[in-house]
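Spelled out from the first residue to the last, the chains are:
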Amino acid sequence: MNILGIETSCDETSAAVLQNGRVTSNIISSQLVHKTYGGVVPELASREHERLIVSVVDAAVNEANIQKNDLDIIAATAGPGLIGAVMAGLCFAQGLAYSLRKPLVPVNHIEAHIFSGFIQDDPRHKAPKERFISLTVSGGHTILCAVNTDLTYTIIGRTIDDAAGEAFDKTGKMLGLDYPAGPAIDRLAAEGNPEFHEFPRALTSRSRTSKNYRDNFDFSFSGLKTSVLNYIKKHEPAFIEQHMHDIAASIQDAITSVLVEKTLAAAMKFNLNAISVTGGVSANSGLREKMEDACSRQGIRLFIPKAAYSTDNAAMIATLADLKLSRGLVTPNNYDVAPFASFRYC
Ligand code: KG4
Ligand code: ZN
């Protein structure tokens, strides 16, 4: 079975081909047009998807060494995301499916991230056989949930303000780093001292203000943002410049230690022995290292996708469509393809 996945929820135009459960192409075109604005401009993102989608899909089909007529299913992100961006990909997918007379499967972008830790050679064989805890950390979402073997899940925590990726991007912007700042903070932090300054870790054991953190699996990063802003204002630009690596390492440590503490606490509370960490921020080397350490100490199996499947990609869209189709959870051509902006299907 050949599935074409299409992903356009934010600023990555991506198309991938999955052949009998195996990813044979995964083309990702990252839009550079937003760099000068310090964040994604929704209108520009939609226009860029329109401009790029044909060539990206062609490249994915060519790399998989098939013809469009060989496709059996078209799967596309239906949300959540920037609504114009989602529509650019979804409408293209509908048109393609219609012209090829092939079924279209709409895919929830966050659900696709949740299962992206299992994209390996053959995801259907690697699909989770046990309940697990999933942490999805991206530019727009920070969601902790318990995932059941039938692919249903219960959200047990989420951010009450900024997403983890947003915390990286916004504090990085304050330090003069280009958007998205997450990867740059990661690089700087590699040579910095994470204990240089203690930025706040809201709703955790190390928070100075939250008392009832134990059964609280929500996240909050807005205080961290304010704290970094105040810290920058309080010091001379030359000091900030001189300690860039240490400040980046301290910010990264504040964000990642909260993510690790809460995810591990959730696994303990629900007595689960597997954790998956997905979404753009799962590419962060500090987070990977801390999660690996914590999980190996507790004897928990950890699933983190490789970098190409961490950030937005169409392989995860095709993979989730495949998983759901193989388990009879989607009926081809019998669904609502309305695009949606927020994570409401859960
Ligand atoms: O999943 P994703 O590609 O798009 C969304 O659905 O939002 O995630 C993008 C986010 C951005 O905030 C970016 O700064 C962050 O992932 N990110 C990172 C790293 N790579 C990407 N954050 C920290 N360290 C990284 N290495
Ligand atoms: Zn995403």
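Residues numbered from 1 in each chain as written. Chains lettered and ligands numbered in written order. Predicted model: local features only at pLDDT ≥ 70, side-chain atom pairs only at ≥ 80, totals over all residues. Heavy atoms only, no water.

Q: Kindly report on the nonpolar core, identifying the contributing residues and their values.
A: Generally speaking, nonpolar side chains in soluble globular proteins are found buried as a group. In this structure, Ile 133, Phe 221, Ile 255 and Leu 259 are the most contacted members of the largest nonpolar core, which totals 46 residues. Mapped by element, the contributors of at least two residues to this core are β6 (132-137), β7 (142-147), α5 (164-174), α6 (182-189), α7 (222-234), α9 (244-269), β9 (274-278) and α10 (285-298). Top element by residues in this core is α9. It accounts for 12 residues. If sequence neighbours within four positions are ignored, Phe 221 has contacts with Thr 142, Thr 159, Asp 161, Asp 162, Ala 163, Ala 164, Ala 167, Ile 255, Val 258 and Leu 259. (Core = buried A, V, L, I, M, F, W, Y, C linked by side-chain atoms within 4.5 Å. Buried < 20%, exposed > 50% of the residue type's maximum accessible area, 1.4 Å probe, protein only. Helix = DSSP H or I, 4+ residues; strand = E, 2+ residues; numbered from the N terminus. Contact = heavy atoms within 4.5 Å.)

Q: Explain the pattern of salt bridges residue by residue, including any values.
A: Taken as a whole and judged by the stated rule, the model has 10 salt bridges. Put simply, Lys 290 and Asp 253 hold a salt bridge, and the shortest N to O gap is 2.7 Å. One end of the pair, Lys 290, is in helix α10; the other, Asp 253, is in helix α9, and 37 residues separate them in sequence. Judged by relative accessible area, Lys 290 falls into the partly exposed class, the value being 26%. Accessibility expressed as a relative area gives 14% for Asp 253, which makes it buried. Overlapping salt bridges, with partners in common, bring together Glu 198, Arg 201, Asp 253 and Lys 290 in one network. (Salt bridge = Lys/Arg side-chain N within 4 Å of Asp/Glu carboxyl O.)

Q: Please set out the coordination of the zinc ion (ligand 2) residue by residue, giving values where relevant.
A: All of the protein donors around the zinc ion (ligand 2) are His 109 (NE2), His 113 (NE2) and Asp 312 (OD); their distances to the metal are 2.1 Å. One can describe the site at the zinc ion (ligand 2) as irregular: its 4 donor atoms subtend angles covering 93 to 150° at the metal. Summarised as a motif, the one-chain spacing of the donors to the zinc ion (ligand 2) is H-x3-H-x198-D. You can see His 113 sitting in helix α3 (residues 109-114) and its partner Asp 312 sitting in the loop between α11 (307-310) and α12 (315-326), a full 199 residues away along the chain. (Donors = N, O, S within 2.8 Å, 3.2 Å for Na, K, Ca; no water. Tetrahedral: all angles 85-135°; square planar, octahedral: opposite > 155°, others 65-115°.)

Q: Please give an account of the domain arrangement of the protein chain that cites residues and values.
A: With domains assigned, the protein chain is organised as domain 1 (2-115 + 310-341) and domain 2 (130-305). The straight-line distance from the C-alpha centre of domain 1 to that of domain 2 is 28 Å. Between domain 1 and domain 2, the residue contacts involve 18 residues of the former and 23 residues of the latter. The largest contributions to the domain 1 side of the interface with domain 2 come from Ile 114, Phe 115 and Ser 310, which together make up 36% of the buried area. Between domain 1 and domain 2 we count 7 residue pairs in polar contact (both at pLDDT 80 or more) in total. Secondary structure elements with two or more residues in the side of domain 1 that touches domain 2: α3 and α12. If you tally residues by element for the side of domain 1 that touches domain 2, the top one is α3, at 4 residues. (Domains from an automatic or database assignment. Buried area = accessible area lost by both parts, 1.4 Å probe. Polar contact = N/O pair within 3.5 Å; in protein donor to acceptor, adjacent residues only side chain to side chain.)

Q: Give a description of the packing of aromatic side chains that names residues and reports values.
A: Counted by the stated rule, this structure contains 7 aromatic pairs. Ring geometry for Phe 118 against Phe 132: centres 5.1 Å apart, planes inclined by 65°, an arrangement best described as edge-to-face. Of the two residues, Phe 118 sits in the loop between α3 and α4 (123-126) while Phe 132 sits in strand β6, which places them 14 residues apart along the sequence. Per residue, the accessibility class of Phe 118 equals that of Phe 132, and both read buried. Summarising the aromatic geometry, the rings of Phe 118 and Phe 303 are spaced 4.8 Å apart at their centres and angled 40° between planes, so their arrangement reads as tilted. Residue Phe 118 is located in the loop between α3 and α4, and its partner Phe 303 is located in strand β10 (residues 301-303); the two are separated by 185 residues in the primary sequence. Take Phe 118: its relative accessible area is 5%, and that puts it in the buried class. Taken together, the ring pairs in this structure connect Phe 115, Phe 118, Phe 132 and Phe 303 into an aromatic cluster. Taking NZ or CZ as reference, Arg 101 lies 4.8 Å from the ring centre of Tyr 98, over its face. Seen from the ring of Phe 219, Lys 262 lies directly overhead, with NZ or CZ sitting 6.0 Å from the centre. (Phe/Tyr/Trp six-rings, centres within 6.5 Å; stacked < 30°, edge-to-face > 60°. Lys NZ or Arg CZ within 6 Å of the ring centre and 35° of its normal.)

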